[in-house]
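These are the residues of each chain, in order.
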Amino acid sequence: MRNERYKGKNVIWESKTKQVFIILVSFLFTFIALWIRDTDKLQFWLSIFLFGFGGIFMLVRFLNPKNIFVTPKSKIGKEILAERTELHQNDNGIFEYHKNGFIITTENETYNYEWNEIKTVYGYKIDLLAYDEICIDVFTIDQKKFTITESTGGWFQFISRLSENIKSIEIDWYLKIANPPFEKNLTLLYDKQNRTIEQIRTENVTA
């Protein structure tokens with residue numbers, strides 16, 4: 001997990017007990033190297049550099065009052081994750097919302113749409129080897145298309161508002177697409193003309 005700040009301290013997602021163990025082991029190997037004092041061998045200097053300086057670095061980081069070591073299962077870790085989730089869910093990201101629609105800002109352009117200007121919405125997921133990512137393709141009546149994924153800023157707010165303003169889109173649609181894993185599971189979430197996927201494909205081919 002990435003480092004972040006919590007109540008004015010740097011969060012390090014590592015076990016405090018594990019840090020103590022690593023520091024002790026580092027200084028133990030350093031002590032052994034100094035005890036043997038075979039300064040003519042490369043192993044001696046490697047031990048001093050790797051374990052000695054490494055142990056000092058770890059110790060300084062461990063004793064720094066500005067750092068806090070946490071694990072996801074610890075009480076503080078759970079509080080941090082809950083806070084992060086809340087911020088993520090409330091983040092509008094690349095979107096702004098107004099009474100009847102939304103504004104989306106991409107890298108190059110800004111578009112302003114009302115909810116009733118959405119023509120078709122597809123949901124699916126892509127295989128990123130280590131994990132899947134859920135996506136939606138949104139087609140608008142001006143023949144534009146934009147793709148939003150779970151990693152897009154404002155994802156949670158957008159899919160929530162999408163379901164609120166287009167009632168035919170089920171609020172838990174992404175749960176159905178999530179399973180089974182590692183399959184695209186292309187799903188037509190909404191079409192303004194109530195067409196099926198087959199009808200849309202046929203029209204696109206003959207257009």
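This text goes with the structure placed above it.
Residues numbered from 1 in each chain as written. Predicted model: local features only at pLDDT ≥ 70, side-chain atom pairs only at ≥ 80, totals over all residues. Heavy atoms only, no water.

Caption draft 1: Broad picture of the overall build of the protein. Helix and strand counts for the protein come out as 6 helices and 10 strands. Compactness check: the protein gives a C-alpha radius of gyration of 26 Å against a globular reference of 17 Å for 207 residues, more than 25% above the reference. The proportion of buried residues among the 207 residues of the protein is 33%. Long-range contacts, defined here as pairs at least 24 residues apart, represent 50% of the contacts in the protein between residues at least 6 apart. For the protein, the computed accessible surface area is about 14,000 Å², with 58% contributed by carbon and sulfur atoms. The averaged location of the 26 negative side-chain charges in the protein is 8 Å from the averaged location of its 26 positive side-chain charges. (Helix = DSSP H or I, 4+ residues; strand = E, 2+ residues; numbered from the N terminus. Rg over C-alpha atoms; globule rule 2.2 N^0.38 Å. Buried < 20%, exposed > 50% of the residue type's maximum accessible area, 1.4 Å probe, protein only. Contact = heavy atoms within 4.5 Å. Areas by Shrake-Rupley, 256 points an atom, 1.4 Å probe, with all protein chains shown as cover. Lys, Arg positive; Asp, Glu negative; His and termini not counted. Charge placed at Lys NZ, Arg CZ, Asp CG, Glu CD.)

Caption draft 2: Layout of the side chain of Asp191. On the secondary structure map, Asp191 appears in strand β10 (residues 187-191). Residue Asp191 is classed as buried on the basis of its relative accessible area of 4%. Among the polar contacts made by the side chain of Asp191, one reaches the main-chain amide nitrogen of Arg195 at a distance of 2.9 Å. With residues up to four places along the chain from it excluded, the contact list for Asp191 reads Lys119, Thr120 and Ile200. (Polar contact = N/O pair within 3.5 Å; in protein donor to acceptor, adjacent residues only side chain to side chain.)

Caption draft 3: Representation of the packing of aromatic side chains in the model. Per the counting criterion, the structure on display carries 19 aromatic pairs. Ring geometry for Phe102 against Trp115: centres 4.8 Å apart, planes inclined by 45°, an arrangement best described as tilted. A residue pair is termed long-range when its members are at least 10 positions apart, and Phe102 in strand β5 (residues 101-105) and Trp115 in the loop between β6 (110-114) and β7 (118-127) qualify at 13 residues. Note on Phe102: relative accessible area 0%, which makes it buried. Ring centres 6.2 Å apart and planes at 20° place the aromatic pair Tyr111 and Tyr113 in the stacked group. Overall, Tyr111 belongs to the buried group, its relative accessible area being 19%. Here the aromatic residues Phe95, Tyr97, Phe102, Tyr111, Tyr113, Trp115, Phe146 and Phe158 are joined through ring pairs into a cluster of three or more. (Phe/Tyr/Trp six-rings, centres within 6.5 Å; stacked < 30°, edge-to-face > 60°.)

Caption draft 4: Summary view of the sheet that holds β5. The strand order across the open sheet formed by 3 strands is β4-β5-β6, and the pairing between neighbours is antiparallel. The open sheet has two edge strands, β4 (95-98) and β6, and neither has a second partner. The sheet shows a mean angle of 20° between the axes of neighbouring strands, direction not considered. Sheet topology note: the β4/β5 ladder contains 4 bridges and is antiparallel. Counted as the bridge partner of His98 is Gly101 from β5. (Pairing = 2+ DSSP bridges. Axes fitted to C-alpha atoms, helices over the stretch in contact; angles between N-to-C directions.)

Caption draft 5: Structural context of the nonpolar core. Counting 24 residues, the largest nonpolar core has Phe102, Ile118, Val121, Ile136, Phe158, Leu162 and Trp173 as the members making the most contacts within it. Excluding residues within four positions of it along the chain, Phe158 makes contact with Phe95, Tyr97, Phe102, Trp115, Ile136, Val138, Phe146 and Ile148. Core analysis: the next-biggest nonpolar cluster, separate from the first, contains 6 residues, Val11, Ile68, Val70 and Ile80 among them. (Core = buried A, V, L, I, M, F, W, Y, C linked by side-chain atoms within 4.5 Å.)

Caption draft 6: Highlighting a nonpolar patch on the surface. Together, Leu42, Leu46, Phe49, Leu50, Phe53, Ile56 and Val60 line one region of the surface with nonpolar side chains, adding up to about 750 Å² of accessible area. Examined against the element boundaries, Phe53 turns out to sit in helix α2 (residues 42-63). Take Phe53: its relative accessible area is 51%, and that puts it in the exposed class. (Patch = residues over 30% accessible without salt bridge, like charges linked within 9 Å, V, L, I, M, F, W, Y side chains within 5 Å. Salt bridge = Lys/Arg side-chain N within 4 Å of Asp/Glu carboxyl O.)

Caption draft 7: Just the pattern of salt bridges, in detail. Throughout the structure, instances matching the rule amount to 4 salt bridges. Ionic pairing is found between Lys145 and Asp137, a salt bridge with its closest N-O pair at 3.7 Å. With a relative accessible area of 49%, Lys145 lands in the partly exposed category. Between Glu170 and Lys176 there is a salt bridge, and its shortest N-O distance comes to 2.5 Å.

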